[in-house]
Amino acid sequence: MNIFLIGMLISMAAYIIIGLVISKGVKNSNDFFVAGRQAPTFLLVGSLVASYCGTGLYFGDAGESYAGIFSPLIMLGAMLTVGYVLGGVFFGRYLRRSECNTIPEFFGKRFDSPALKVLAAVTELVTIVVYLLSTMQGIGTLMNLVTGLDYNLCVVLALITFTILTVTSGSKGVLITDTIMFGLFTAVTVVVIMIATGKGGGWFDIVGNLAQSKPDVLSWSGDLSYLYPSGVQNMIWAFAYGIVWMSVCMVGPWQASRYLMAKNEHSVIRSSIWAAFFVFVLEFVVKCGAALLNIFNPELADQSHIIIWASQNLVPTVLGVIMVTGILAAGISSATTFLSIIGSAVANDLVKSKDDKKKLTIGRISILVAAVIVMLFAYFNPPQVFWIMFLGATVVACSWLPVCIASIWSKRVTKTGAFCGMLFGFLGCGGMKIYASVSGISLPVFLDPFFIGIAANIIGIVVGSALTKVTPQEKAEREALFVMPESEKDPKEIAKTKKTVLASVILGVAVTAVLLIFWVIPYTANL
Amino acid sequence: MEYAIAIFVGVWIAAAGLLAFGRVKKDFKGLENEDKEDNQ
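This structure is a prediction, so every number in the text was calculated from the model and none was measured. (Residues numbered from 1 in each chain as written. Chains lettered and ligands numbered in written order. Predicted model: local features only at pLDDT ≥ 70, side-chain atom pairs only at ≥ 80, totals over all residues. Heavy atoms only, no water.)

**Observations concerning the overall build of chain B**
Here comes step 1: A tally of regular secondary structure across chain B gives two helices and zero strands.
Here comes step 2: Across the 40 residues of chain B, 40% fall into the buried class.
Here comes step 3: When the accessible surface of chain B is totalled, it reaches about 2500 Å², and 56% of it is carbon and sulfur. (Helix = DSSP H or I, 4+ residues; strand = E, 2+ residues; numbered from the N terminus. Buried < 20%, exposed > 50% of the residue type's maximum accessible area, 1.4 Å probe, protein only. Areas by Shrake-Rupley, 256 points an atom, 1.4 Å probe, with all protein chains shown as cover.)

**Section: the overall build of chain A**
Here comes step 1: Each helix and strand counted, chain A has 20 helices and zero strands in total.
Here comes step 2: Whereas a compact globule of 527 residues would reach a radius of gyration of roughly 24 Å, chain A reaches 22 Å, a difference of no more than 12%.
Here comes step 3: The principal-axis extent of the C-alpha atoms belonging to chain A is close to 65 × 55 × 50 Å.
Here comes step 4: Residues counted as buried form 65% of the 527 residues belonging to chain A.
Here comes step 5: Relative to all contacts within chain A whose residues are 6 or more apart in sequence, the contacts with residues 24 or more apart total 86%.
Here comes step 6: Surface accessibility of chain A: about 18000 Å² in total, with carbon and sulfur atoms responsible for 69%. (Rg over C-alpha atoms; globule rule 2.2 N^0.38 Å. Contact = heavy atoms within 4.5 Å.)

**Description of helix H13 (residues 306-313) of chain A**
Owing to its 3.6 residues per turn, the α-helix brings residues three or four apart onto one side.
All names here are of chain A.
Here comes step 1: The buried fraction of H13 amounts to six of the eight residues, a majority that puts the element mostly inside the structure.
Here comes step 2: Ile-306, Ile-307, Ile-308, Trp-309, Ala-310 and Ser-311 are the residues of H13 that are buried.
Here comes step 3: Residues of H13 that are buried in the fold lie against helix H4 (55-98), helix H6 (114-147), helix H7 (151-198), helix H12 (265-292) and helix H14 (317-350).

**Focus: the packing of aromatic side chains**
Residues and elements named next belong to chain A.
Here comes step 1: Scanning the entire structure with this criterion turns up 30 aromatic pairs over all chains.
Here comes step 2: With a centroid separation of 5.3 Å and an interplanar angle of 85°, the aromatic rings of Phe-32 and Phe-33 are classed as edge-to-face. Of the two residues, Phe-32 and Phe-33, both sit in the buried class.
Here comes step 3: Measuring from ring centre to ring centre gives 5.1 Å for Phe-182 and Phe-278, while their planes differ by 80°; the resulting arrangement is edge-to-face. Of this pair, Phe-182 sits in helix H7 while Phe-278 sits in helix H12; the two residues are 96 residues apart in sequence, bridging distant segments of the chain.
Here comes step 4: The buried category is assigned to Phe-182, whose relative accessible area is 12%.
Here comes step 5: Taken together, the aromatic side chains of Tyr-58, Phe-182, Phe-185, Trp-274, Phe-277 and Phe-278 make up a single cluster linked through ring pairs. (Phe/Tyr/Trp six-rings, centres within 6.5 Å; stacked < 30°, edge-to-face > 60°.)

**Digging into the environment of Gly-54 of chain A**
Residues and elements named next belong to chain A.
Here comes step 1: Of note, Gly-54 is situated in the loop between helix H3 (41-52) and H4.
Here comes step 2: Assessed through its relative accessible area of 6%, Gly-54 is described here as buried.
Here comes step 3: Once residues within four sequence positions are removed from consideration, Gly-54 is found in contact with Ala-330, Gly-331 and Ser-334.

**Notes on the environment of Trp-274 of chain A**
Residue and element names in this part refer to chain A.
Here comes step 1: Mapped onto the elements, Trp-274 comes out in helix H12.
Here comes step 2: Placed 226 residues apart in sequence, Trp-274 and Thr-500 show a C-alpha to C-alpha distance of 8.3 Å.
Here comes step 3: Contact partners of Trp-274, with chain neighbours within four places excluded, come to Thr-41, Val-45 and Thr-500.

**Digging into the pattern of salt bridges**
Residue and element names in this part refer to chain A.
Here comes step 1: Enumeration according to the criterion identifies 10 salt bridges over all chains in this entry.
Here comes step 2: For Lys-415, the salt bridge identified is with Asp-112, shortest N-O distance 3.9 Å. Here Lys-415 is found in helix H17 (residues 415-439), whereas its partner Asp-112 is found in the loop between helix H5 (103-110) and H6, with 303 residues between them in sequence.
Here comes step 3: Relative accessible area serves as the criterion here: at 24%, Lys-415 is assigned to the partly exposed category.
Here comes step 4: Here Asp-112 falls in the partly exposed class, since its relative accessible area comes to 37%.
Here comes step 5: In this structure, the salt-bridge partner of Glu-493 is Arg-270, at a minimum N-O distance of 2.6 Å. One end of the pair, Glu-493, is in helix H20 (residues 491-525); the other, Arg-270, is in helix H12, with 223 residues separating them in the sequence.
Here comes step 6: Classification of Glu-493 as partly exposed rests on a relative accessible area of 26%.
Here comes step 7: In this structure Arg-270 comes out as buried when scored by relative accessible area, which is 8%.
Here comes step 8: Overlapping salt bridges bring together Asp-61, Glu-283 and Lys-287 as one network. (Salt bridge = Lys/Arg side-chain N within 4 Å of Asp/Glu carboxyl O.)

**Digging into H6 of chain A**
All names here are of chain A.
Here comes step 1: Look at H6: 48 Å from first C-alpha to last across 34 residues, which is about the 50 Å you get at 1.5 Å a residue.
Here comes step 2: In terms of burial, H6 is a largely internal element, 24 of the 34 residues being buried.
Here comes step 3: Where H6 terminates, the next one or two residues include Gly-148, which has phi positive at roughly 80°. (Expected span 1.5 Å × (residues − 1).)

**Here's the deal with the confidence of the model for chain B**
Here comes step 1: Mean pLDDT over chain B stands at 86; residues scoring 70 or higher make up 78%.
Here comes step 2: As a predicted assembly, this complex carries a pTM of 0.94 together with an ipTM value of 0.92. (pLDDT = per-residue confidence, 0-100.)

**Quick notes on the interface of chain A and chain B**
Here comes step 1: In this complex, chain A contributes 45 residues to the contact, which on the side of chain B involves 28 residues.
Here comes step 2: Both sides together, the interface formed by chain A and chain B hides about 3200 Å², and carbon and sulfur atoms give 81% of it.
Here comes step 3: It is Trp-220, Pro-491 and Lys-498 of chain A in chain A that bury the most area against chain B; as a group they hold 17% of the surface buried on that side.
Here comes step 4: Counting every contact that joins chain A to chain B gives one salt bridge.
Here comes step 5: Residue Asp-27 of chain B pairs with Arg-93 of chain A through a salt bridge whose shortest N-O separation is 2.1 Å.
Here comes step 6: Applying the counting rule to chain A against chain B returns five residue pairs in polar contact (both at pLDDT 80 or more). (Buried area = accessible area lost by both parts, 1.4 Å probe. Polar contact = N/O pair within 3.5 Å; in protein donor to acceptor, adjacent residues only side chain to side chain.)

Written out as structure tokens, the structure reads:
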């Protein structure tokens, strides 16, 4: 029993206790699935960021940055923050206005189509189960690495923690624990990277040294032996996946579903802007920090362990324990969100029941069943965190993004168009991914499943809508989305919301400044 | 090219911010003024 294990077990116990305490306030399905629709801005921010940041960031992204593709990854990381900025204003607040319990329910209501609701729920479940699998593998790998405990035992311990938390307290518990975890892993990440780089002479010295000793790591093109053989191809990949992850942040079920719980539309919009800010901070500190760690250990056997290695070797033990506990929190917070969405999808979208107590029970049982299924997958599959995570994200982008945008902003799209778009996007992307995996072929960047899936989705929407007509019901549902509730017209709230949205323009300027000051200028000056 | 990346992403985010602000301003047009009229 080492100190890392003690720290992790204490944190897991704390989350379970918090979940059990919060569960006493869960009275009905509204509380369980959408936290009573009373979530203030700061809880939404906490959940948005915590549900986005997981073991994928600390293992996958950090490892890839350390290995040599920092530049494409930070371009992708900065681009995706736009998903929050646009998501809150152009999609999330209409979702909240609909007062639906889930996003599939929103699609079903908007297009007067039970079939579309079911399709959305199925695509959502496939994506989330895949993503939950990668999260569980990441958590298992983390715990095994720092504690020496058997990997499968680690998976079971983590599973017990986030399953109890989610089953008992539902979305209310998830929101509160997500926010606590967000505070923990954000603060400790910044502190640890600052202290670790301090050991190498400070951030700017390390950037300068790396520019001379391993210039490829921070170069615009990245290490050309790693992903694609040219900088231009790496940039095309980064741009495409910047759009993919922007889509996830904008409309992805584990992101946009937070907005359903907001106390009002102002909270939706403001939380999305704050989330953009915090996600960029984490993206930059983790990715650039990981790249800089090359100066201390350029030949780590498994690149994805670089942040763990730093936590165990470059900072005081207590801080290392808190860092590892923070990464565990990042993983658990994502997993609880995924599980709560699975429960909502089954109880609300797939099973027909008007009885509130029955819905609650179905939701809880489906969470338990999902946890067991994913545990079995995690047991039999070897860890491959980064690419599994990208599979889930890409499928969401390809099957949902065009339909989400069209559902609000298109007068012409019909239920048939939306259904075909979602189905073709899902099959196009998924099919290409499976083909590439099974055949072992490396696809050229322009045949990436993202491009195929998005094109298939758009073709489905256009052709399906051209062959059918918008019904009066669909027209009425869309028009209703543009009727602003009286409760949203408070002038003071409006003024505050407008200021917050305007701050996102300043965020753009700040992002450029940060990248120039902390990466580009010191790097290019030392080449 | 590193400079180009840093500037591109900043412009990307700022442009999105302007788009979002434009939408919010349009949607809330006239509603903020109700407060000023009440105070007068």
